[in-house]
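# Analysis of the macromolecular model
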Amino acid sequence: MTSPLASEAAPFGRVLTAMVTPFTPEGDLDLDAAQRLATHLVDHGNDGIVVSGTTGESPTTTGEEDARLLAAVLEAVGDRATIVAGVGTNDTRHSVELAQSAAKTGAHGLLVVTPYYSKPPQAGIVRHVHEVAAAGGDVPVMFYDHPGRSGTTIAESTYVELRRNPLVVAVKDAVGDLERGAYLMRETGIRLYSGDDALTLGWMAYGASGVVSTCGNITAQPWADMFAALDAGDLGEARRINDRMIPLVRAIMTLTQGVIAAKAALQLLGVLDNRTTRAPLVDATEDEVALVRDALHGVGLLD
């Protein structure tokens, strides 16, 4: 299935959120809540959603749950946003199965993280991504370079090898090296998406296509507004928007922890009924909820 927002410059759209996966208080998958959340995200600035990524707690969901979640999100907003399925694991055969399932379900794109913990050699990364891409048929691929989680940085020479595959069109970068990313965009033509909310303005100045955000679960409109300001040549306005969002980004991404804090924020905003996570993650404590509440007040999202 083709994304309704695909373009050469931004093959997966521009403002994507790595959506949290809603669970019931008992920890079961809550598809009704997922559809409400997906609709909320698209109504509030997102033109793309990544499901079953790390922020979606994919290490704790089954392939069957991933397929049902993807189908539910596609049904809710698949005609208005690019829906990317996270299919990366540290087992190539399992990732191939997930890619086949996601393509069959109708995903617009696949997100493939570097196999984690195993720390494969670069040749293993190339083989992994190529095999997963082949399993997805003609579905385009964004690979995910996140050495902090995977334990391995994708080498510059590996980018060259991956780009030989016409399906491998973009990278979600969480390496955080702006000069390196600019070089790779120039030399390989890879489309780069910021994988770090705090660096998004910098990445866009270097020519990135967009962002895959965690904070976009709470509000993506500021990122959309910031991109519009940059498109209009108004760097000052883009900086002002970024400055306003710094307290929220810090609260979600550094003072607490990604998905845990995002679910707490969504509960405070009334978008989710609970902030349930699956072990080994734990739900936000009351002290953490207070930090998130203060940040939401600070950016004007809570009265």
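Residues numbered from 1 in each chain as written. Predicted model: local features only at pLDDT ≥ 70, side-chain atom pairs only at ≥ 80, totals over all residues. Heavy atoms only, no water.

Selection criterion: UniProt positions are given in the numbering used here, feature names are shortened, and annotations may be inferred rather than shown by experiment.
You'll find the protein chain entered in an unreviewed UniProt entry as 4-hydroxy-tetrahydrodipicolinate synthase, with Aeromicrobium erythreum given as the organism. Listed in UniProt under the heading Catalytic activity (unreviewed entry), the comment for the protein chain reads: "L-aspartate 4-semialdehyde + pyruvate = (2S,4S)-4-hydroxy-2,3,4,5-tetrahydrodipicolinate + H2O + H(+)". UniProt, in its Pathway (unreviewed entry) section for the protein chain, records the words "Amino-acid biosynthesis; L-lysine biosynthesis via DAP pathway; (S)-tetrahydrodipicolinate from L-aspartate: step 3/4."

## Describing the packing of helix H2 (residues 63–77) against helix H3 (residues 92–105)
Basically, it comes down to this: For helices, the fitted axis covers only the stretch in contact; all axes are lines through C-alpha atoms, and the angles between them, taken along N-to-C directions, range from 0 to 180 degrees. Helix and strand definitions here come from DSSP, where helices need a minimum of 4 consecutive H or I residues and strands a minimum of 2 consecutive E residues; each element is numbered from the N-terminal end. An angle below 35 degrees is treated as roughly parallel, one above 145 as roughly antiparallel, one from 65 to 115 as roughly perpendicular, and anything else as oblique. Handedness of a helix crossing follows the sense of rotation of the near helix relative to the far helix, less than a right angle counterclockwise being left-handed and clockwise being right-handed. Should any heavy atoms of two residues lie within 4.5 Å, those residues are considered in contact.
One way to put it is that H2 packs onto H3 with a least axis distance of 10 Å and a crossing angle of 25°. With respect to their mutual orientation, H2 and H3 come out roughly parallel. For the crossing formed where H2 meets H3, the hand is right-handed. Facing Gly-63, Asp-66, Ala-67, Leu-70, Ala-71 and Leu-74 of H2, the residues of H3 in contact are Leu-98, Ser-101, Ala-102 and Thr-105.

## Some thoughts on helix H7 (residues 178–188)
Put simply, the rule is: Only protein chains enter the accessibility calculation, which uses a 1.4 Å probe. A residue is then buried if its area is under 20% of the maximum for its type, exposed if over 50%, and partly exposed in between. Polar contacts, as used here, are pairs of N or O atoms within 3.5 Å; protein pairs need one atom able to donate a hydrogen and one able to accept it. Residues neighboring in sequence count only if both atoms are side-chain atoms.
If you check which residues of H7 are buried, you get Arg-180, Gly-181, Ala-182, Leu-184, Met-185 and Thr-188. Those residues of H7 hidden inside the fold are in contact with strand E5 (141–145), helix H6 (156–162), strand E7 (191–194) and helix H8 (200–205). Measuring from the side-chain oxygen of the N-cap residue of H7 to the backbone nitrogen of Glu-179 gives 3.3 Å; that N-cap residue is Asp-177. Following H7 by one or two positions, Gly-189 has its phi on the positive side, about 75°.

## Observations regarding the pairing of strand E8 (residues 210–213)
Put simply, the rule is: What makes two strands pair is DSSP finding at least two bridges between them. We call a crossover right-handed when, viewed with the strands running away from us, the connection from the first strand over the helix to the second turns clockwise.
Along E8, one buried face is formed by Gly-210 and Val-212 and the opposite face, lined by Val-211 and Ser-213, is buried too. Two strands pair when backbone bridges link them, and strand E1 (residues 15–18) and E8 are joined in this way by 3 bridges, in the parallel orientation. Looking at the pairing, Thr-17 lines up with Ser-213 of E8. Summarising the sheet, E7 and E8 pair through 2 bridges and their orientation is parallel. Within E8, the residue paired with Ser-194 across the bridge is Val-211. As a crossover connection, the stretch from E7 through H8 into E8 is right-handed.

## A word on the sheet that holds strand E6 (residues 168–173)
Read once around its circumference, the closed barrel built from 8 strands follows the order E1-E2-E3-E4-E5-E6-E7-E8, with strand pairing classed as parallel. When the angles between neighbouring strand axes are averaged without regard to direction, this sheet yields 25°. Strand direction decides the pairing type here: E5 and E6, joined by 5 bridges, are parallel. Residue Val-141 lies in a different strand from E6, and its bridge partner there is Val-168.

## Points about the UniProt feature "site: Part of a proton relay during catalysis" (unreviewed entry) in the protein chain
Here the UniProt feature "site: Part of a proton relay during catalysis" (unreviewed entry) sits at Thr-54 and Tyr-117. Spanning 64 residues, the named residues nonetheless gather at one spot, since no C-alpha pair among them exceeds 14.3 Å. Ignoring anything within four residues of it in the chain, the contact list for Thr-54 reads Tyr-144 and Arg-149. Residue placement: Tyr-117 occurs in the loop between strand E4 (109–113) and helix H4 (122–135). When neighbours within four sequence positions are excluded, Tyr-117 is seen to be in contact with Asn-90 and Ser-150.

## Section: the packing of aromatic side chains
Short version of the rule: In summary, the pairing rule links any two rings of Phe, Tyr or Trp, Trp by its six-membered ring, whose centres are within 6.5 Å, and it sorts them by plane angle into stacked for under 30 degrees, edge-to-face for over 60 and tilted for everything else.
One pass over the full model with this rule turns up 2 aromatic pairs. When the ring of Phe-143 is compared with that of Tyr-159, the centres are 5.1 Å apart and the planes differ by 70°; the resulting orientation is edge-to-face. Of this pair, Phe-143 sits in strand E5 while Tyr-159 is found in helix H6, placing the two residues 16 residues apart along the sequence. Like Tyr-159, Phe-143 is buried.

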